[in-house]
Amino acid sequence: MMNFKLKQSAAVLNILIALVVTLVVNFSYLLSMMVERRETTEQQRMRNERPFFVKQHRKGLLRISRDGYGYLICERHFSPAEGVDSIRIDSVYATNRKIKWYNLQDGDSIVCTIFPSKGDSNPVMDEVIMQNGNEITAPMIFDRPKRNQDVAVQLLYYFLLSLLLMTIITARVGKDNYSTKSYLQRCALALVAAFVCYFFAPFIEWQTGRVLMMFQNKYMPIDLIVILKCTMALVVAVLYGRIYGLMSKQQEILLENERLRNENLQTRYDMLMGQISPHFFFNSLNSLSMLVRENDSEKALAYIDQLSYTFRYIIQNGQNTSTTLEEEMLFAKAYGELFKVRYADKLFFDIEIDPQYEKWTLPALSLQPLIGNAVKHNTITRKQPFHVSIRTEGPVLVVSNRKRPKLEPEPCTGIGLKNLRSRWQLITGQDIEIIETDDEFTVRLPLQKPITR
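Residue numbers here run from 1 along each chain, matching the order of that chain's written sequence. Local features in this predicted model are restricted to residues of pLDDT 70 or higher, and side-chain atom pairs are both shown and tallied only at a pLDDT of 80 or more, whereas totals for entire chains, interfaces and linings draw on every residue. Side-chain metrics in this entry use all non-hydrogen atoms of the structure; hydrogen atoms and water are not considered.

(A) Expanded view of the overall build of the chain. Numbering of helices and strands runs from the N terminus; a helix is a DSSP stretch of H or I covering at least four residues, while a strand is a stretch of E covering at least two. When you go through the chain residue by residue, the secondary structure sums to eleven helices and 15 strands. Think of it in three bands: with a 1.4 Å probe and only protein chains considered, a residue is buried below 20% of the maximum accessible area for its type, exposed above 50%, and partly exposed in between. Across the 453 residues that make up the chain, the buried fraction comes to 36%. For this analysis, residues touch if any pair of their heavy atoms sits within 4.5 Å. A fraction of 66% describes how many contacts in the chain between residues 6 or more apart in sequence connect residues 24 or more apart. Only the protein chains shown count as covering a residue, and every accessible area follows the Shrake-Rupley method with a 1.4 Å probe. Here the chain has roughly 28,200 Å² of accessible surface; of this, 58% comes from carbon and sulfur atoms.

(B) How the structure looks around the sheet that holds strand 13 (residues 396-402). Two strands make a pair as long as DSSP finds a minimum of two bridges between them. Pairing within the open sheet is mixed, and its five strands lie in the order 10-12-13-15-14. Both outer strands of the open sheet, strand 10 (347-352) and strand 14 (433-436), are each paired with one neighbouring strand and no more. The average angle at which neighbouring strand axes cross in this sheet is 10°, direction not considered. As defined by bridge partners, strand 13 adjoins strand 15 (residues 440-446) across seven bridges and the pair is classed as antiparallel. Bridge pairing in strand 15 links V399 to V443. Helix 9 (residues 325-342) rests against strand 10, strand 12 (386-392) and strand 13 of the sheet, and its axis sits at about 165° to strand 10. Sitting on the sheet, helix 10 (residues 367-376) is in contact with strand 10, strand 12, strand 13 and strand 15, with an inclination near 10° to strand 13. Helix axes use the C-alpha atoms of the stretch in contact, all axes being lines fitted to C-alpha atoms, and the angles between their N-to-C directions lie in the range 0 to 180 degrees.

(C) Up close: the side chain of N122. The residue N122 is located in the loop between strand 4 (109-115) and strand 5 (124-131) in this model. The exposure class assigned to N122 is buried, which follows from its relative accessible area of 17%. Any N or O atom pair separated by 3.5 Å or less is treated as a polar contact, with the protein-specific requirement of one donor-capable and one acceptor-capable atom, and with residues adjacent in sequence counted only for side-chain atom pairs. In this structure the side chain of N122 is engaged in a polar contact, spanning 3.1 Å, whose partner is the backbone oxygen of S91.

(D) Spatial organisation of a nonpolar patch on the surface. A cluster of nonpolar side chains, V192, F195, V196, F199, F200, M213 and F215, forms an exposed patch at the surface whose accessible area comes to about 660 Å². A total of three residues in the nonpolar patch trace back to one element, the largest contributor, which is helix 5 (residues 180-198). Exposure remark for F199: the relative accessible area of 30% places this residue in the partly exposed category. Patch construction takes residues with relative accessible area above 30% that form no salt bridge. Like charges are linked within 9 Å, and nonpolar side chains (Val, Leu, Ile, Met, Phe, Trp, Tyr) are linked within 5 Å. For this document, the term salt bridge refers to a Lys or Arg side-chain nitrogen within 4 Å of an Asp or Glu carboxyl oxygen.

(E) Highlighting the packing of aromatic side chains. Classification of ring pairs rests on two measures: the distance between centres of Phe, Tyr or Trp rings, Trp counted by its six-membered ring, which must be within 6.5 Å, and the angle between planes, read as stacked under 30 degrees, edge-to-face over 60 and tilted in between. Tallied over the full model, the rule gives nine aromatic pairs. For the pair Y69 and Y93, a centre-to-centre distance of 5.9 Å together with 40° between the ring planes defines the contact as tilted. Of this pair, Y69 sits in the loop between strand 1 (56-64) and strand 2 (70-73) while Y93 sits in strand 3 (residues 91-94), and the two are 24 residues apart along the sequence. Through successive ring pairs, a cluster of aromatic residues spans Y69, Y71 and Y93. A cation over an aromatic ring shows up here: R242 above the ring of Y183, its NZ or CZ 5.2 Å from the ring centre. Over a ring means this: the NZ of a Lys or the CZ of an Arg is within 6 Å of the ring centre and within 35 degrees of the ring normal.

(F) Molecular detail of the nonpolar core. Formed by 33 residues in total, the largest nonpolar core has its most connected members in L347, L367, I371, L397 and L445. Of all the secondary structure elements, the ones that give two or more residues to this core are helix 8 (297-317), helix 9, strand 10, helix 10, strand 12, strand 13, helix 11 (415-428) and strand 15. Counting residues per element, this core draws most heavily on helix 9, at six residues. Dropping the residues within four chain positions of it, L445 is found in contact with L370, P395, V396, L397, L420, W424 and I432. Residues enter a nonpolar core if they are buried and are Ala, Val, Leu, Ile, Met, Phe, Trp, Tyr or Cys, with the set joined through side-chain atoms within 4.5 Å. With 27 residues, the next largest nonpolar core counts Y157, I169, C187 and A237 among its residues.

(G) The arrangement of the environment of G70 in detail. Checked against the element boundaries, G70 lands in strand 2. Distance from G70 to N96, taken between C-alpha atoms, is 7.2 Å for residues 26 residues apart in sequence. If we ignore the near neighbours within four places in the chain, the residues touching G70 are R63, I64, S65, V92, Y93, A94 and I99.

(H) Inspection of helix 11 at higher detail. Under the convention used throughout, the expected extent of a helix is 1.5 Å for every residue step, that is, one less than its residue count. With 14 residues, helix 11 ought to run about 20 Å at 1.5 Å a step, and its terminal C-alpha atoms sit 20 Å apart, in line with that. Three or more residues of helix 11 are buried, namely L420, R423, W424 and T428. Taken around the axis of helix 11, the buried residues stretch over an arc of 100°, which confines them to a single face. An arc is given here, and it is the one of the directions from the helix axis to the C-beta atoms.

(I) Representation of the pattern of salt bridges in the model. Within the structure shown, the criterion is met by nine salt bridges. Of the charged contacts in the structure, one is a salt bridge between D106 and R63, with a shortest N-O distance of 3.6 Å. Taken together, the residues span a long stretch of sequence, with D106 in the loop between helix 3 (96-101) and strand 4 and R63 in strand 1 at a distance of 43 residues. With a relative accessible area of 43%, D106 lands in the partly exposed category. In this structure, R391 and E393 form a salt bridge, with 3.1 Å as the shortest nitrogen-oxygen distance. Of the residues examined, R391 reaches a relative accessible area of 21% and is grouped as partly exposed.

(J) Here's a closer look at the state of the cysteines. In this description, the term disulfide denotes a pair of cysteine sulfurs within 2.5 Å. Within this structure, the stated rule accounts for zero disulfides. For the unlinked cysteine C197, the closest cysteine sulfur is that of C230, found at 7.7 Å. Its relative accessible area of 18% is what places C197 among the buried residues.

(K) View of the pairing of strand 13. For strand 13, a buried count of six out of seven residues is recorded, marking the element as mostly surrounded by other parts of the structure. Bridge count between strand 12 and strand 13: five bridges; the pairing is antiparallel. In the strand pairing of strand 13, I390 is matched with V399. The hairpin formed by strand 12 and strand 13 contains three residues between the paired strands, and G394 there has a positive phi angle of roughly 70°.

(L) Representation of the packing of helix 9 against helix 10 within the structure. Contact geometry for helix 9 and helix 10: axes closest at 10 Å, N-to-C directions at 25°. By the angle between their directions, the pair helix 9 and helix 10 is classed as roughly parallel. Between helix 9 and helix 10 lies a crossing whose hand is right-handed. For the pair helix 9 and helix 10, the contacting residues are E328, M329, F331, A332, Y335 and F339 in the first and L367, Q368, I371, G372 and V375 in the second. For the contact of helix 9 with helix 10, the residue count by class is eight nonpolar, two polar and one charged. Working definition: roughly parallel below 35 degrees, roughly antiparallel above 145 degrees, roughly perpendicular at 65 to 115 degrees, and oblique for all remaining angles. Handedness of a crossing is defined here by the sense of rotation of the near helix relative to the far one, left-handed for an anticlockwise turn of less than a right angle and right-handed for a clockwise turn. For this classification, the nonpolar set comprises Ala, Val, Leu, Ile, Met, Phe, Trp, Tyr, Cys and Pro, the charged set comprises Asp, Glu, Lys and Arg, and every other residue, Gly included, is treated as polar.

Shown next, in the form of structure tokens:
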């Protein structure tokens, strides 16, 4: 469910970024559309204010320059020696687009309508009516889609392109999704995708007004404007991918820390509940009842003291992570005494602790599962007394016992040792060493040197 929510959030974010990129790369296109609409509105207002306005006609000789534009010379004082580029007075400017639309040639006799001049500029050719005395039809420009449709196609294409690049650059690739190698691979894939998509970019063919794709453009297969737009979408995707990767990695670290914290709390809770198991509690009560029935009040009172100390230590240290070896050994002795009442003269604890390590630390309640497992899984009789050794070997606490399996072994889940190892790694950053042979079971617990202040 968490992964689904993260993927859903990433998809929504990709869509929003793609929308922003689409609007940015088409900003000039949208701006020109608004300007065109404003000019159209202004022209319509002028026509409404001047209903008698009629387009002016001009007749003249067309001269086309080497750059593709031309002038319609309307007076007879034209001198070819002066060159077309020098003619400005009483001339009509013809854009290269108009010349291409109507397939005009240098020297043609043209009759056309004009846009009136503004200030000192020349009037501009509008619609060609006659060419060399022949009436001509308007070019296929009337097939051009409406401006709104043109804008919709442009916006849709760049939105899909941006969304595709965002999806590629934020795609998850295994566990190493946020490595530099994975990021560079996704950047390379996004570059290939942008290159391929360029050939499917829409454009308006000025000769026919049709909406075509770049690979259908036989006049100019390389369009700098389209290249610029695709490049901008790619650059934004690459930068966004890097930022997204860093943010996602940080989010994963936070989630992992939260998971470890919850796991630690759950482990500590399970440990606490596991220590005060009903089985241990009822065995303790049975041992106490036995002492009461035997009228051994002195042993009964001592047993109650040990039992009280054991449960108090478990409850208090269930909320702590570490304790000193000295405190842990006091608990181990009290905990062992509870078993020694049940196994009188049959269970012994051989303790050899170097005093210099008494202030060293270890995770609290580490000895309880080891002592409990030793008593639980081995045969303890008067003929074969059982010994549990607890000793220090340098800065390592060693707990060992000879193996004497019961004839009817009790079920073993291994949860106690797994929890002990997990707690040890979580608290100390070290691992415990479990050594099991046919004859002996040993656990080595590295102690932590106390922090001096």
